[in-house]
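# Coordinates in review
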Amino acid sequence: MPQKIIFDTDPGHDDAIAIMLALASPELEMLGITTTFGNVALEKTTRNALVVRELLGKTVPVYAGAERPLLRERISAENVHGHSGLETTSPHGLSEGPDLQEPQGRAEAQHAALFIIQKVLEHPGKVTLVSVGPLTNLALAMRLEPKIVPAIKQIVLMGGSLYLGNTTPAAEFNILCDPHAAKIVFDSGAPLTMFGLNLTHQTLATPERIARFRALGTRVGEVAAALLDFFRQHYQRRYGYEGAALHDPATIAYLVQPDLFKLRPMFVEVDSTPGPGFGRTVCDYWQVTEKPANCQVALEADAEGFFELLVERIGRYR
Ligand code: RIB
Ligand code: CA
């Protein structure tokens, strides 16, 4: 029986690769894609989700959600994902890459948070929420209908970090986009699995790995390679990495092939107080607080196995 998931996302290059992986994996039944502000504004992340859906020839419904955080001002990451949030580039590093058609379809009328509530209550204990952007939609759903919290099967999220931040020294982008929402989710008691930067910086999309997508000889393979060629430029500039840290697909790979990762249960809380730690996921690795673990934290990845899965699944699109 395929696992029912709702994919909450701010596409975004790595989000797009995660959607490609999820929709090519028969182990998963994607009930819907919910979008949020994040890498770029909500209007663009929603457009990008529709673009990827149509590139893949799929009809999974898309629901637009939060256009801004609960309390703090909105931040974004055009410096990483480009103006549209889904810029591509040709293998020669020129600005033009395969052009992505404007979507024909539109998002559904229902708000993402209301869709999440509806589906979790329709299928109690069966729906996995996969979040790879700010956690605002999930927090809104939990506050609008607290009954969903015990009914959520699990939340698998890309966000936070065991130690280093990427947007401030302490905070990872998804959490920093809305620390108050993240605190609601991490304190909710729902079963959590966290893929933070400590994990996702182990899975680098290097030129050699990107070439494997291009070698598929398919439109989807070409687009995946072009997206990763663009995405990689930021990681070269900022970190001196040869490859792009491929963050979001780790959540999907975990659901499809969990043995690719090593996890450790621990107590994690979000710092939502003003100051240098704002947006930090404070991970009690050594259990010094003696607080019960509320989260499985991913520590190690089989990077080669991860890319083998990605290429094999994305190779299924024709
Ligand atoms: O910090 C990385 C995360 O922020 C990824 O989800 C990326 O898509 C951006 O949303
Ligand atoms: Ca994302």
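Before reading further, recall that the structure is shown in the block above.
Just so it is clear, the model here is predicted, and its values are computed rather than measured. (Residues numbered from 1 in each chain as written. Chains lettered and ligands numbered in written order. Predicted model: local features only at pLDDT ≥ 70, side-chain atom pairs only at ≥ 80, totals over all residues. Heavy atoms only, no water.)

## Details of the overall build of the protein chain
If you tally the helices and strands in the protein chain, you get 12 helices and 11 strands. Per-residue burial for the protein chain yields a buried fraction of 62% across its 318 residues. Taking all contacts inside the protein chain whose residues are at least 6 apart in sequence as the whole, residues at least 24 apart take part in 81%. Carbon and sulfur atoms provide 54% of the accessible area of the protein chain, an area that totals close to 12,600 Å². Between the centroid of the 29 positive side chains of the protein chain and the centroid of its 36 negative side chains there is a distance of 2 Å. (Helix = DSSP H or I, 4+ residues; strand = E, 2+ residues; numbered from the N terminus. Buried < 20%, exposed > 50% of the residue type's maximum accessible area, 1.4 Å probe, protein only. Contact = heavy atoms within 4.5 Å. Areas by Shrake-Rupley, 256 points an atom, 1.4 Å probe, with all protein chains shown as cover. Lys, Arg positive; Asp, Glu negative; His and termini not counted. Charge placed at Lys NZ, Arg CZ, Asp CG, Glu CD.)

## Quick notes on the coordination of the calcium ion (ligand 2)
Distances from the calcium ion (ligand 2) to its protein donors, namely Asp 10 (OD), Asp 15 (OD), Asp 15 (OD), Val 132 (O) and Asp 248 (OD), fall within the range 2.3 to 2.7 Å. A relative accessible area of 0% means that Asp 15 is categorised as buried. (Donors = N, O, S within 2.8 Å, 3.2 Å for Na, K, Ca; no water.)

## As for the pairing of strand S6 (residues 192-195)
On S6, burial covers both faces: Leu 192 and Met 194 on one face and Thr 193 and Phe 195 on the other are all buried. Inspection of the sheet shows S6 paired to strand S11 (residues 295-301) by 3 bridges, in the parallel sense. For Leu 192, the partnering residue across the bridge sits in S11 and is Cys 295. (Pairing = 2+ DSSP bridges.)

## Quick notes on the sheet that holds strand S10 (residues 281-284)
Either a parallel or an antiparallel arrangement is found when strands of a sheet pair, and the pairing is made through backbone hydrogen bonds. Taken in spatial order, the 9 strands of this open sheet run S3-S2-S1-S4-S5-S6-S11-S9-S10, and their pairing is mixed. Looking at which strands have only one partner, the edges of the open sheet turn out to be strand S3 (62-64) and S10. Taken over all neighbouring pairs, the strand axes of this sheet differ in orientation by 30° on average, direction set aside. Both strand S9 (residues 261-270) and S10 contribute to a ladder of 4 bridges, which runs antiparallel. The residue of S10 that forms the bridge with Val 268 is Cys 283. Contacts from helix H7 (residues 179-186) reach strand S5 (154-158), S6, S9, S10 and S11 within the one sheet, and its direction differs from that of S9 by about 115°. (Axes fitted to C-alpha atoms, helices over the stretch in contact; angles between N-to-C directions.)

## Digging into the site of ligand 1
All residues adjacent to ligand 1 are Asp 10, Asp 14, Asp 15, Asn 39, Val 132, Met 158, Asn 166, Glu 172, Phe 173, Asn 174, His 247 and Asp 248. A distance of 2.6 Å separates an oxygen atom of ligand 1 from a polar atom in the side chain of Glu 172. Across the complex, the protein chains shield 96% of the 280 Å² of accessible surface that ligand 1 would expose by itself. For the shell around ligand 1, the secondary structure elements donating two or more residues are helix H1 (13-23) and helix H6 (173-177). (Near = heavy atom within 4 Å. Polar contact = N/O pair within 3.5 Å; in protein donor to acceptor, adjacent residues only side chain to side chain.)

## So, the packing of H1 against helix H12 (residues 303-314)
Relative orientation of the contacting elements H1 and H12 amounts to 65°, with a least axis distance of 9 Å. Of the possible angle classes, the one that applies to H1 and H12 is roughly perpendicular. The handedness of the crossing between H1 and H12 is left-handed. Here Ile 17, Met 20 and Leu 21 of H1 come into contact with H12, specifically with Leu 309, Leu 310, Arg 313 and Ile 314. (Parallel < 35°, antiparallel > 145°, perpendicular 65-115°, else oblique. Left-handed = near helix turned anticlockwise from the far one by under 90°.)

## A look at the packing of aromatic side chains
Scanning the entire structure with this criterion turns up 9 aromatic pairs. Aromatic pair Phe 195 and Phe 261: ring centres 5.2 Å apart, planes at 80°, arrangement edge-to-face. In this pair, Phe 195 is assigned in strand S6 and Phe 261 in strand S9, connecting sequence segments 66 residues apart. Overall, Phe 195 belongs to the buried group, its relative accessible area being 0%. Given a relative accessible area of 8%, Phe 261 falls into the buried group. Ring centres of Tyr 285 and Trp 286 lie 4.7 Å apart, and the angle between their planes is 80°; on these two criteria the pair is classed as edge-to-face. Taken together, the aromatic side chains of Phe 195, Tyr 254, Phe 261, Phe 306 and Phe 307 make up a single cluster linked through ring pairs. (Phe/Tyr/Trp six-rings, centres within 6.5 Å; stacked < 30°, edge-to-face > 60°.)

## Examining the nonpolar core
Met 20, Leu 56, Phe 213, Ile 252, Phe 261 and Leu 310 are the most contacted members of the largest nonpolar core, which totals 73 residues. When neighbours within four sequence positions are excluded, Met 20 is seen to be in contact with Leu 55, Leu 56, Val 220, Val 223, Ala 224, Leu 227, Ile 314 and Tyr 317. Counting residues in hydrophobic clusters, the runner-up holds 39 residues, among them Ala 112, Phe 115, Met 142 and Ile 152. (Core = buried A, V, L, I, M, F, W, Y, C linked by side-chain atoms within 4.5 Å.)

## Re the side chain of Arg 232
With respect to the helices, strands and loops of the structure, Arg 232 is situated in helix H10 (residues 219-239). One buried charge, Arg 232, has no salt-bridge partner; the nearest side chain with opposite charge is Asp 229, at 4.5 Å. Every residue in contact with Arg 232, bar those within four places of it in the chain, is listed here: Ala 205, Thr 206, Pro 207, Ile 210, Glu 242, Gly 243 and Ala 244. (Salt bridge = Lys/Arg side-chain N within 4 Å of Asp/Glu carboxyl O.)

## Notes on the side chain of Glu 145
Position of Glu 145 among the secondary structure elements: in the loop between helix H5 (136-144) and S5. In this structure, Glu 145 is in contact with Ile 117 and Leu 121, ignoring residues within four places of it in sequence.

## Some remarks on the packing of H1 against helix H11 (residues 249-256)
Following both chains from N to C, one finds H1 and H11 inclined at 20°, their axes separated by 8 Å at the closest point. Classed by the angle they form, the pair H1 and H11 counts as roughly parallel. Note on element contacts: H11 touches H1 through Pro 249, Ile 252 and Ala 253, opposite Asp 14, Ile 17, Ala 18, Leu 21 and Ala 22. Grouping the amino acids of the contact of H1 with H11 by side-chain chemistry returns 7 nonpolar, no polar and 1 charged. (Nonpolar A, V, L, I, M, F, W, Y, C, P; charged D, E, K, R; others polar.)

Purely spatial values, then, with no claim about function.
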